Structures are given as C-alpha cells and as structure tokens.
Amino acid sequence: MLHARVGHTQGTPPSSRPPLRTTAAAVEAYDAATGRARWTYAREGRRPLAVLPARGHAIALWDDGLVTDTTRRDGSAVRWHRALPEAARWLADHGATGVLRLLGDGMLAVITPERVAAYRVADGDLRWILPARPGCRFVPARAVRHGAVLLIARPCPAEDRWTAGLVAVDDLGVVAPHRAPLGNGRRGESHSAGHPRPGKVVAPPR
C-alpha cells in the first residue's frame, strides 16, 4: 500500500541539500530557495533507490521494482505507478544507476537488462517496449545521452559486430530511418506527419 505524508520542519536545512533526494526510507523534497522541507513520500517497508526530477513530477524507483510518479509541488498525490517485471532481485544485486532516464517530449525510459520500456510522464501510459535480443542484455549504468538520443550498452557475446552491442533510442523508440508518426502526446494533441515511429513493440495511442 502507498503512503504519502507532507512534512514541514522547523528551521532551514543546509543550503547544499538537493531539492529532491532519497533516504533509507523515503523520497524527500525541499524548497530550492530556502532549503526548507516541503514533503516526504514513503512506502511502508520499501526503500527508494533513485529519484528523477521532471517538470511537475518526482519519479522514484523502489527496491521492489515499482516506479512511482509523485506530484512534485506538494507531494499530495501519486499520479501513477508501474511495476517492473522480475526486477527486484536484479536491483538488489546491481543497484539503480541509469535505470530511470528522461527522453524528449515528456517521456521516461526505464532500462532493465531484459527490456527498455518508455512511459509518458504525464500519465504513465506505456508507449513502447524494446526487448533485448536473445543472448544480449542492456546495461543501464552504461547508457549515455548524445543530443536527443540515448545510447544504451547492449552486450551480445555471440555477436561479432561491435554495433550489436549498442542501441540508440529517443522518445519514439529505436532510432531508424523512415519511421512513421507514433502519437506520443496525450489524447487530442496533434503531431507532425513527418515524426517517426519505432519498428518495435509499440503500445497503440489511447
């Protein structure tokens, strides 16, 4: 069960404290100007491994493989949450470095060894999934951004080509020529007909 609580402390914490951070038991938010605590968010018996700030959102990854999106302004509500299949044991062994990555146009990439899943930050809608090839595994900690593109390490021991060990994605999925519009925006938004579509498993627009 999810538990959110708003907390306001007396006095001013050190100015070096980041606006969002994780502790052993909660996600904590602070006023960037004053350093005062604004809210905390905790899940009973669970530990946050990473928190990622987005515009109006605080996205956290927990030790049981749950991703939560909390209202960043006051922490009053969890907008959405998504569970990562069979991720808890891997997170316990390897940590959460690089698992949460923001892509363009308000998209969140969640990288685990078996797959990359992209969610729309606004509402948590699943937009596309990129599974690792047989015999290959993604390495979240070795993902780097190059402009609007995220380059993710994907070692493939049985593959001789060095290019097989690397995959490039953006908010629409695998970067490839001649992609068609995906429509990642929320219902009612319009998109250019020249916007590309990834050639992988894609959730249909809702």
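A. Region of the structure containing the nonpolar core. Ranked by size, the top nonpolar core spans 19 residues in total, and within it I59, L61, V67, L100 and L108 carry the most contacts. Those elements that provide at least two residues to this core are β5 (48–54), β6 (57–62), α1 (88–94), β10 (107–111) and β11 (115–120). The residues touching L108, leaving out its near neighbours within four places in the chain, are L52, I59, V67, W80, L100, R101, L102, A117, A118, Y119 and V121. Counting 16 residues, the second-largest nonpolar core is a separate cluster that includes L103, I111, I152 and V167.

B. Main features of the state of the cysteines. On inspection of all chains with the given rule, the structure shows one disulfide. Between the sulfur of C136 and that of C156 lies a disulfide, 2.0 Å long from S to S. As the torsion about the S-S bond is roughly 120°, the C136-C156 disulfide counts as right-handed. With C136 in the loop between β12 (126–131) and β13 (139–146) and C156 in the loop between β14 (149–153) and β15 (166–170), this pair connects stretches of sequence that are 20 residues apart. Judged on exposure class, the residue C136 and its partner C156 are both buried.

C. Summary view of the packing of aromatic side chains. Scanning all chains against the criterion turns up two aromatic pairs. Considering the side-chain rings of Y41 and W62, the 5.6 Å spacing of their centres and the 85° angle between planes classify their relative orientation as edge-to-face. Of this pair, Y41 sits in strand β4 (residues 37–43) while W62 sits in strand β6; the two residues are 21 residues apart in sequence, bridging distant segments of the chain. By relative accessible area, Y41 is classed as buried at 1%. Residue W62 is classed as buried on the basis of its relative accessible area of 0%. Judged by centre distance (6.3 Å) and plane angle (25°), the ring pair of W80 and Y119 falls under stacked. With a gap of 39 residues between them, W80 in strand β8 (residues 78–83) and Y119 in strand β11 connect regions that are remote in the sequence. Assessed through its relative accessible area of 9%, Y119 is described here as buried.

Each value, and the rule that gives it
Residues numbered from 1 in each chain as written. Predicted model: local features only at pLDDT ≥ 70, side-chain atom pairs only at ≥ 80, totals over all residues. Heavy atoms only, no water. Core = buried A, V, L, I, M, F, W, Y, C linked by side-chain atoms within 4.5 Å. Buried < 20%, exposed > 50% of the residue type's maximum accessible area, 1.4 Å probe, protein only. Helix = DSSP H or I, 4+ residues; strand = E, 2+ residues; numbered from the N terminus. Contact = heavy atoms within 4.5 Å. Disulfide = S-S within 2.5 Å. Phe/Tyr/Trp six-rings, centres within 6.5 Å; stacked < 30°, edge-to-face > 60°.

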